[in-house]
Amino acid sequence: MTIIRSDRTGGLILPDDFRSRRHFPETIEFWLNEREGDIILHPRLPDAHKLYIESTTGCNLQCKTCVRNVWSDPQAAMKMDVFENILQGMQRLPELRRVVFTSFGEPLTHPRILDMIRSVRERGLAVTVGTNGVLLTPEISAELIRLGVDRLVVSVDGVRPETHSSVRGTALAQVLENIRALNEAKREQASLSPALGIEFVVLKSNIAELADLTGLATHLNAARVLVSNVLPYTAEMCDEVLYGHEPQQPFKSAGFPVHIDAWVTWGNLELPRMHWGAERRCRFVNDRAMVIGWDGGVAPCYALSHNYSYFAIDRRQKTVERYVLGNVGQDDLAEIWMSEDYVRFRSEVRMFHFPSCPDCDLRETCDLRGRNESCWGWNPSCADCLWAQDIIRCP
């Protein structure tokens, strides 16, 4: 592709949302591409809205549902010079709204995580923190409130102590006590933030407790419960999978009461899809989000942010290679976002210009299905991505 330039009066027909943007530039550049005889203009805009920052790949737990059990990536914490490069790059992303500190590692194990959050909040950005809750001490909670973190998501994989322990290898009582201390600190500081969310990975072994999950959320004053299916990284976890290629019995969505001082509001229970369907939508691309790894590597989503293997929807083992579009140690963050490959990749994903591998008649003999590739379209391929199906969900 090549770059062309135009101003607002250059005669090009642009989508309406470009014209309504506050930060729409007077002069805009496009990557020019051709597909099947059609000319496609991909605008180069610094319009990222959301950053997922992987402060560490390390964790204080060894959950049996975690990709860290099978990956070959190092266990390491983000260095502060890498984080400083991210901060500098934020200055050229005028539409940036939120930074999410969560990943397959536990962000509260990073020794400078509070400094990182402070630096982001000083730039006026909203912050979400995802945690397993074990290290959420009263001191940490008080500081998160003081810094103005507006969302905190805690992973709870069982309502019964023995169920949670069997998945996460830690005591549920400690996590619940830490959440209660968080709520007490919020009352002491007269703060409604951070709003609490509960993330629950549903399995055959804990699905019976899903009905009681909203009751626990009410008890904890959680405003949101996010339920995800499990992505099986081991043959053992395949036996815990609830979803399938054929239509399954859907979960029933429901709200639940949340008590805020003298007020009672309604919390959201967000449930996953339970079968492969025609509709495919990438939340990472549609939310204009990117994932920045511990080493500064920029990936478009969680699914492509590490090297690992898992079992696809047909229970066939699949190897995924990390897809890095740039590194903040060498390139400006905005330039990575607006690079030719990244801009075109997002365009391909929005149109979902990929095959539907699970529906292909040749799927049983296709060697490409063992890798994150497909017979046509962009590679690495999103052809059988379970995130795009809303079967797997993230904060």
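Please read these numbers as outputs of a predicted model, since none were measured by experiment. (Residues numbered from 1 in each chain as written. Predicted model: local features only at pLDDT ≥ 70, side-chain atom pairs only at ≥ 80, totals over all residues. Heavy atoms only, no water.)

Participant: What is the right way to read helix H2 (residues 80-90) from this model?
Facilitator: What sets the pattern is the α-helix's 3.6 residues per turn: residues three or four places apart point alike. Of the residues making up H2, those classed as buried are Met80, Val82, Phe83, Ile86, Leu87, Gly89 and Met90. In this structure, the buried side of H2 is in contact with strand S4 (50-53), strand S5 (98-101), helix H3 (113-121), strand S12 (289-292) and helix H10 (333-337). (Buried < 20%, exposed > 50% of the residue type's maximum accessible area, 1.4 Å probe, protein only. Helix = DSSP H or I, 4+ residues; strand = E, 2+ residues; numbered from the N terminus. Contact = heavy atoms within 4.5 Å.)

Participant: Please clarify how the pattern of salt bridges should be interpreted in this entry.
Facilitator: A side chain of one charge can pair with a side chain of the opposite charge when the charged atoms of the two come close. Evaluation of the coordinates by the stated rule reveals 24 salt bridges. Measuring nitrogen to oxygen at the nearest pair gives 2.5 Å for the salt bridge that ties arginine 112 to aspartate 115. Of the residues examined, arginine 112 reaches a relative accessible area of 38% and is grouped as partly exposed. Its relative accessible area of 27% is what places aspartate 115 among the partly exposed residues. Note that glutamate 270 is salt-bridged to arginine 224, the shortest N-O span being 2.8 Å. Note that glutamate 270 is positioned in strand S11 (residues 263-270) and arginine 224 in strand S9 (residues 224-229), a separation of 46 residues in sequence. One network of salt bridges, with partners in common, ties together Glu29, Arg44, Arg92, Asp332 and Glu335. (Salt bridge = Lys/Arg side-chain N within 4 Å of Asp/Glu carboxyl O.)

Participant: For this particular structure, what's the right way to read the packing of H3 against helix H4 (residues 138-147)?
Facilitator: Relative placement of two packed helices is described by the angle separating their axes and the distance separating the axes. At a closest axis distance of 10 Å, the pairing of H3 and H4 adopts a crossing angle of 10°. Classed by the angle they form, the pair H3 and H4 counts as roughly parallel. Two packed elements cross with a definite hand, and for H3 against H4 that hand is right-handed. Contact with H3, carried on its side by Leu114, Ile117, Arg118 and Arg121, involves Ile140, Glu143, Leu144, Arg146 and Leu147 of H4 and no other residues of that element. Here the residues of the contact of H3 with H4 sort into five nonpolar, no polar and four charged. (Axes fitted to C-alpha atoms, helices over the stretch in contact; angles between N-to-C directions. Parallel < 35°, antiparallel > 145°, perpendicular 65-115°, else oblique. Left-handed = near helix turned anticlockwise from the far one by under 90°. Nonpolar A, V, L, I, M, F, W, Y, C, P; charged D, E, K, R; others polar.)

Any functional reading would require information that these geometric values do not contain.
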